[in-house]
Amino acid sequence: MTVSAGPTAVARRLRDGMAGGVLSFPLTAFHDDGTLDPDGFRAHVAGRLAAAPGAVFPACGTGEFFSLDEDEYRQVVTITVEEAAGRVPVVAGTGYGWAQATRFARIAEDAGADALLVLPHYLVAAPQDGLVAQLEQIAARTTLPLIAYQRGQVAFTADSLRRVAALPNVIGLKDGHSDLDRLQRLTLAAPEDFLFFNGASTAELQARAYATVGVPAYSSAVHAFAPEIAGAFFTALNDGDHGTVDKLLRDFYVPFVELRDRVPGYAVSLVKAAARLRGHPVGPVRAPLTDPSPADLAALTAVLTTGLELVGAAL
């Protein structure tokens, strides 16, 4: 088992990393028959790391955590840790109920992950006390730092976040609700060194708005297939180059999001299809997701071609 560097040190590395690059969420590669493709995944992760992300988050939503068994999860996290080789933090996904989340957490610990992203629990709505207890149970059973993820049925109040942030190994919150009023209240309630992440789908579309409430760091699904576009957007945003930001939003990100919104699950399926269009051996999505229709794939090709041309790259 690899010993964690500790919550404070991991938080510092994440803060430093996300100041210099987007947060990368690699795709989990499958063969055409749906079995895990470790070699394809290794190649994909190596490519993402070459594009200098601030941190890498394997086996999360974009990585189809919900479809992985424990052995597949172990391989995915282990490969990511090996490829990262300490260059950037590795934050593995975990989730479901706390008992299952704990099993995945132990696997991630053994594989050498630096921290865990706690994905929303399965199916049921829960009161605030239950949301806090879920994290308490996981935190008590792992040495790894935790980042809570509020999305879907998980939404913390300011009081609940104070309780969560008081847990020694909870270091941050990823937000997928895009409720900036609520998020501002949470940032004001949290300790000064608590980390916040913009986890909206296609987060670049809302990156400027999140930054106004003190949350400049964001996850980038686009980094999984077009790090040239993701990097150009990140640089323009950080430099205050609003003309370039607007052009990338108008001509690439908005059309991509409009296509994404056509079919449930396209937030992952389109990303994987775009990676395949660029020659990455990531394979299909697993059920219950479906790959894009021929018409949507043609539309994706056009949108991606335009986006790459904007940054001087090609399909």
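This text follows the structure it describes.
Model, not experiment: these values are computed from the prediction.

(A) Representation of the environment of Tyr218 in the model. Counting through the fold element by element, Tyr218 comes out in the loop between α8 (207–212) and β8 (219–220). Remark: the alpha-carbon pair of Tyr218 and Glu192, spanning 26 residues in sequence, is separated by 18 Å. Aside from chain neighbours lying at most four places away, what touches Tyr218 is Val22, Leu23, Asn198, Ala203, Glu204, Ala207, Ala230, Phe233, Phe234 and Leu237.

(B) View of empty space enclosed by the protein. For the structure on display, the rule yields 1 cavity of 30 Å³ or more. Roughly 90 Å³ of volume is contained in the largest cavity. Surrounding the largest cavity, Val118, Leu119, Pro120, His121, Leu131, Gln134, Leu135, Ala148, Tyr149, Val154 and Phe156 form its lining. When contributions to the lining of the largest cavity are tallied by element, the ones reaching two or more residues are α5 (128–139) and β5 (146–150). Of the residues in the lining of the largest cavity, the class split is 9 nonpolar, 2 polar and no charged.

(C) Seen up close, unusual backbone geometry. That bond from Ala287 to Pro288 is cis: its omega, 15°, falls within 30 degrees of zero. Its place among the elements puts Pro288 in the loop between α11 (266–277) and α12 (294–310). For Ala52, which is not glycine, the phi dihedral falls at a positive 60°. Mapped onto the fold, Ala52 is located in the loop between α2 (38–50) and β2 (55–56). Even without a glycine there, the phi angle at Glu64 is positive, about 55°. With respect to the helices and strands, the residue Glu64 is situated in the loop between β2 and α3 (70–84).

(D) Quick peek at the layout of surface pockets. The computed volume of the largest pocket comes to approximately 770 Å³. Surrounding the largest pocket, 33 residues form its lining, Gly61, Thr62, Phe66, Arg151 and Val268 being those nearest its centre. For the lining of the largest pocket, the elements supplying multiple residues, two or more each, are β8, α10 (242–260) and α11. When grouped by side-chain class, the residues that make up the lining of the largest pocket number 20 nonpolar, 10 polar and 3 charged. Taken together, 16 residues form the lining of the second largest pocket, with Arg15, Met18, Phe196, Gly214 and Pro216 sitting closest to its centre. Elements that contribute at least two residues to the lining of the second largest pocket include exactly α1 (7–20), β7 (195–198) and α9 (227–239).

Definitions and cut-offs
Sequence positions are assigned chain by chain, starting from 1 and proceeding in written order. At least 70 in pLDDT is required for a residue's local features to be given in this predicted model, at least 80 for side-chain atom pairs to be given and counted, and no such filter applies to totals for whole chains, interfaces and linings, which use all residues. With hydrogens and water excluded, all non-hydrogen atoms of the structure serve as input to the side-chain values. Helix and strand definitions follow DSSP, with helices as H or I runs of at least four residues and strands as E runs of at least two, each counted in order from the N terminus. Every residue pair with non-hydrogen atoms within 4.5 Å of one another is taken to be in contact. Here a cavity means grid points, on a 1 Å grid over the protein atoms only, where a 1.4 Å probe fits yet cannot get out; a pocket means an open set of points with protein on both sides within 12 Å along at least five of seven lines; lining residues are those with an atom within 4 Å of a point. Grid points are joined across faces, edges and corners, and a volume is the space filled by probe spheres set on the points. The nonpolar class holds Ala, Val, Leu, Ile, Met, Phe, Trp, Tyr, Cys and Pro. Asp, Glu, Lys and Arg form the charged class, and all remaining residues, Gly among them, are polar.

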